[in-house]
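Each chain is listed here by its residues.
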Amino acid sequence: MPAYFSLEILFSKDRINPNFVKNIYSIIIESGFKFKSGDWFRENSSIDEIINWNQDKLNNHFRLRTNQNYKEDYMQILFDSHLFDEFRGFWMYRDNDIAFYIIIPESEIMELEGGSFFLEDKILFIKKLAESLWKSKLVDAIQTSLELEENNFDLKDIKSGRGINITPFAILPNATFLKYYKDHLMDKAIVKIQNDGLLIY
């Protein structure tokens, strides 16, 4: 299994509404990443089946327990893209937030030989997707990371100033940035975006 780059979209638990999952998937699809199939033994599931299953799981605050079968977990989804062979999404309901992960093999978004660096043309598409998700006013923070990233930050960590992963970018509310991060991220470029957000890279 390859190492993965992660785009992590974080939500407060009170963001859940009857169309929550559908709305997030719709933004991704409208951004050019069309529905391909389910994944992880759910390859034949339709998008409506995936939406309804995951919405029900979130409504019930579902977290897979160690004694439960993995098939009871959230359904993973694959989106089609001319840029990436694998563009996969999955949900997690956690102690302090809800997270939707989009993962891509690092080898498809980075040049790994002769010194690792991100491929700018591909990262630009991911940035645009992240901005579209932010504009929905459902998202509380967005961070990016590589698989072997040392630190894992949830929404509570980010909102309290403990830290955020910016590999290679993140999106924060302006108020959170000014309160906790302004003096610590002076080496980063900061761009104002809609919904009082800041794109940091």
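In this convention, every chain numbers its residues from 1, walking through the sequence in written order. Given that this is a predicted model, residues contribute local features only at a pLDDT of at least 70 and side-chain atom pairs are listed and counted only at 80 or more, while totals for whole chains, interfaces and linings are drawn from all residues. Think of the side-chain values as coming from all heavy atoms in the structure, minus any hydrogens and water.

On to the overall build of the protein. Comment: elements are numbered from the N terminus, with helices defined as DSSP H or I runs of at least four residues and strands as E runs of at least two. Counting secondary structure elements, the protein contains 6 helices and 11 strands. Each of the three principal axes of the protein carries a C-alpha extent, and together these read 45 × 40 × 35 Å. Out of the 201 residues belonging to the protein, those deemed buried represent 49%. Carbon together with sulfur atoms contributes 47% to the accessible area of the protein, which is approximately 10700 Å² in total. Only four residue types enter the tally: Lys and Arg on the positive side, Asp and Glu on the negative side; His and the chain ends are excluded. By convention, charge coordinates are those of NZ in Lys, CZ in Arg, CG in Asp, or CD in Glu. The averaged location of the 31 negative side-chain charges in the protein is 6 Å from the averaged location of its 24 positive side-chain charges. Any residue under 20% of the maximum accessible area for its type is buried, any over 50% is exposed, and the rest in between are partly exposed; the area is computed with a 1.4 Å probe on protein chains only. Surface accessibility follows the Shrake-Rupley procedure with a 1.4 Å probe radius. Residue values consider only the protein chains on display as shielding.

Let us now look at the pattern of salt bridges. Note on definitions: salt bridges are taken to be side-chain nitrogens of Lys or Arg within 4 Å of carboxyl oxygens of Asp or Glu. Counting across every chain of the model gives 8 salt bridges. Here Glu 8 ties to Arg 94 by a salt bridge, and the two come within 3.0 Å at their closest N and O atoms. Pair noted here: Glu 8 is in strand β1 (residues 4-11) and Arg 94 is in the loop between β4 (88-93) and β5 (98-105), with a separation of 86 residues, a long-range link. Looking at Arg 94, the relative accessible area reads 14%, which means it is buried.

This part is about the environment of Asn 174. Tracing the sequence through the fold places Asn 174 in helix α6 (residues 174-181). Taking the C-alpha atoms as reference points, Asn 174 and Lys 192, 18 residues apart in sequence, are found 8.3 Å from one another. Should any heavy atoms of two residues lie within 4.5 Å, those residues are considered in contact. In this structure, Asn 174 is in contact with Asp 196, Gly 197 and Leu 198, ignoring residues within four places of it in sequence.

A word on the packing of aromatic side chains. Note on aromatic pairs: each is described by the distance of the centres and the angle between the planes. The criterion for an aromatic pair is that two Phe, Tyr or Trp rings (for Trp, the six-membered ring) have centres within 6.5 Å, with stacked assigned to planes under 30 degrees apart, edge-to-face to planes over 60 apart and tilted to the rest. Applying the stated rule across the entire model yields 14 aromatic pairs. Ring plane angle 35° and centroid distance 5.9 Å describe the contact between Phe 11 and Trp 91, whose orientation is recorded as tilted. Highlighted residues: Phe 11 in strand β1 and Trp 91 in strand β4, separated in sequence by 80 residues. Comparing Phe 11 with Trp 91, the two get one shared label, buried. Between Tyr 180 and Tyr 181 the ring centres are 6.5 Å apart and the planes differ by 70°, which places this aromatic pair in the edge-to-face class. Overall, the relative accessible area of 4% leaves Tyr 181 in the buried class. Look at NZ for Lys and CZ for Arg. If either is within 6 Å of the ring centre and within 35 degrees of the ring normal, a charge sits over the ring. When the ring centre of Tyr 201 is taken as origin, the NZ or CZ atom of Lys 127, which lies over that ring, is 4.0 Å away.

We now examine unusual backbone geometry. Going from Thr 167 to Pro 168, the amide bond is cis rather than trans, its omega being 10°. Residue position: Pro 168 is located in the loop between α5 (155-159) and β9 (170-173). Backbone geometry places Asn 195, a non-glycine residue, at a positive phi of 60°. Relative to the helices and strands, Asn 195 resides in the loop between β10 (190-193) and β11 (197-200). Unusually for a residue other than glycine, Asp 196 sits at a positive phi of about 55°. For Asp 196, the position within the fold is in the loop between β10 and β11.

Here we come to the packing of helix α1 (residues 20-30) against helix α4 (residues 120-135). Relative to each other, α1 and α4 sit at 145°, their axes nearing to 10 Å. The hand of the α1/α4 crossing is right-handed. For the pair formed by α1 and α4, the contact residues are Ile 24, Ile 27 and Ile 28 on the first element and Leu 129, Ser 132 and Leu 133 on the second. Classifying every residue of the contact of α1 with α4 by side-chain character gives 5 nonpolar, 1 polar and no charged. In this analysis, axes come from line fits to C-alpha atoms, helices being fitted only over the stretch in contact, and the angle between any two N-to-C directions falls in the range 0 to 180 degrees. Each crossing gets its hand from how the near helix is turned against the far one by less than a right angle, where anticlockwise is left-handed and clockwise is right-handed. The classification used treats Ala, Val, Leu, Ile, Met, Phe, Trp, Tyr, Cys and Pro as nonpolar, Asp, Glu, Lys and Arg as charged, and all other residues, Gly among them, as polar.

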